[in-house]
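This is what each chain is made of:
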Amino acid sequence: MIDSEQLKQHMVKAVEEIRATNPMAGSITNTVTIDFVANAQLAVGGSAAMVYLPDEGEALVAGGGAIYLNMGTLFPIYEQTIPRAAKAAHDAGKPWVLDPVGIGIGSLRTQLIEAVRENPPAILRGNASEIIAVAELWGLGDDAAEDASGDGPRGVDSTDSVDAAERAAVACARFTGGAVAVSGTTDLVTDGAQVARLSGGSPLMTCITGSGCSLGGVCAVYACVADPFVAALAATAAYNLAGLRAAETYNGSGSFQVAFLDALYNLTAEEVAEAPLALASASAA
């Protein structure tokens, strides 16, 4: 267990180290959002590389500090690419981030989520319905989803609340030994022992494509230098602050995206660490 003051210190260290060292967090990600993911990773101080072939994914693991695997727009080749990249990261002892975008659409996504269970991610990031669906696919107990009230993921959107996904998120974090980040009006991040809730952001983030995908990419950047819980917290806090600031200057959804990247780029480590955060112990399984 770690208290909020210690967390803040670790978050400051992570943000400062990223800015100083520019580590590479490669991505195999949603073709709709590649540009936004890469620019967000660059904005926080990381380096980006986007690939989709199996051997290239393994090369990114070898050459980078972490890798981000996103299920958003799948090609048939991903049946090889994603499990191989996950295994390469696991074997190399490097963190990887899973974003189960659109889980439930078609059979390949289900197959891939089941396949990577053998080499689980350091950070699992998604909306509430996606996290509940992953917990169910991984067989993490009936109680993990009993609070669900929606109909599961609706395309890339959630039909469940963040609170409804808490037990599923805690179950996933305990299984992986890493962290789970659930995005929503109030975000939830857990390592299975503690649950943090972070407020902020802007409703305008739902009006642009890729705010969730790019958050996953930034989680991977921070995972290069910090443990999964700190990395997910720092990324989520930075996103919430950048969303708030961008909403102060936007003229429409297009200018909001630009303002968001500018805000992300200009955040200080101290600002990220001081973002509103409520920390509590996770409920017993």
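Please refer to the structure placed before this passage.
Read on for a plain summary of the structure. (Residues numbered from 1 in each chain as written. Predicted model: local features only at pLDDT ≥ 70, side-chain atom pairs only at ≥ 80, totals over all residues. Heavy atoms only, no water.)

Here we take up the pattern of salt bridges. Evaluated as defined, the whole model comprises nine salt bridges. Glu58 is the salt-bridge partner of Arg84, the closest N and O atoms lying 3.0 Å from each other. Pair noted here: Arg84 is in helix α4 (residues 78–92) and Glu58 is in helix α3 (residues 54–63), with a separation of 26 residues, a long-range link. Using a relative accessible area of 34% as the deciding quantity, one classes Arg84 as partly exposed. In this structure, Lys87 and Asp91 form a salt bridge, with 2.7 Å as the shortest nitrogen-oxygen distance. Here Lys87 and its partner Asp91 are both found in helix α4, four residues apart, which amounts to about one turn of the helix. Each of Glu5, Lys8 and Glu274 takes part in salt bridges that share partners, so that together they form one network. (Salt bridge = Lys/Arg side-chain N within 4 Å of Asp/Glu carboxyl O. Helix = DSSP H or I, 4+ residues; strand = E, 2+ residues; numbered from the N terminus. Buried < 20%, exposed > 50% of the residue type's maximum accessible area, 1.4 Å probe, protein only.)

A few words on the pairing of strand β2 (residues 66–70). Here β2 lies mainly inside the structure; five of its five residues are buried. Pairing geometry for strand β1 (residues 25–28) and β2, over four bridges, is parallel. Following the sheet pairing, Ala25 is matched in β2 by Ala66. Bridge count for β2 against strand β3 (residues 96–99) is four bridges, and the pairing is parallel. Paired with Asn70 across the bridge in β3 is Asp99. In the classification by handedness, the crossover that spans β2, the intervening α4 and the parallel β3 is right-handed. (Pairing = 2+ DSSP bridges. Right-handed = clockwise from strand over helix to strand, strands pointing away.)

The description of an aromatic ring pair rests on the distance of the ring centres and on the angle between the ring planes. Under the definition given, this model contains seven aromatic pairs. Ring plane angle 75° and centroid distance 6.1 Å describe the contact between Phe36 and Phe260, whose orientation is recorded as edge-to-face. Of this pair, Phe36 sits in helix α2 (residues 34–43) while Phe260 sits in helix α10 (residues 253–266), and the two are 224 residues apart along the sequence. Given a relative accessible area of 4%, Phe36 falls into the buried group. When the centroid spacing of 5.6 Å and the interplanar angle of 50° are considered together, the rings of Trp138 and Phe175 count as tilted. Note that Trp138 is positioned in the loop between α6 (128–137) and α7 (166–176) and Phe175 in helix α7, a separation of 37 residues in sequence. The class of Trp138 is buried, set by a relative accessible area of 2%. (Phe/Tyr/Trp six-rings, centres within 6.5 Å; stacked < 30°, edge-to-face > 60°.)

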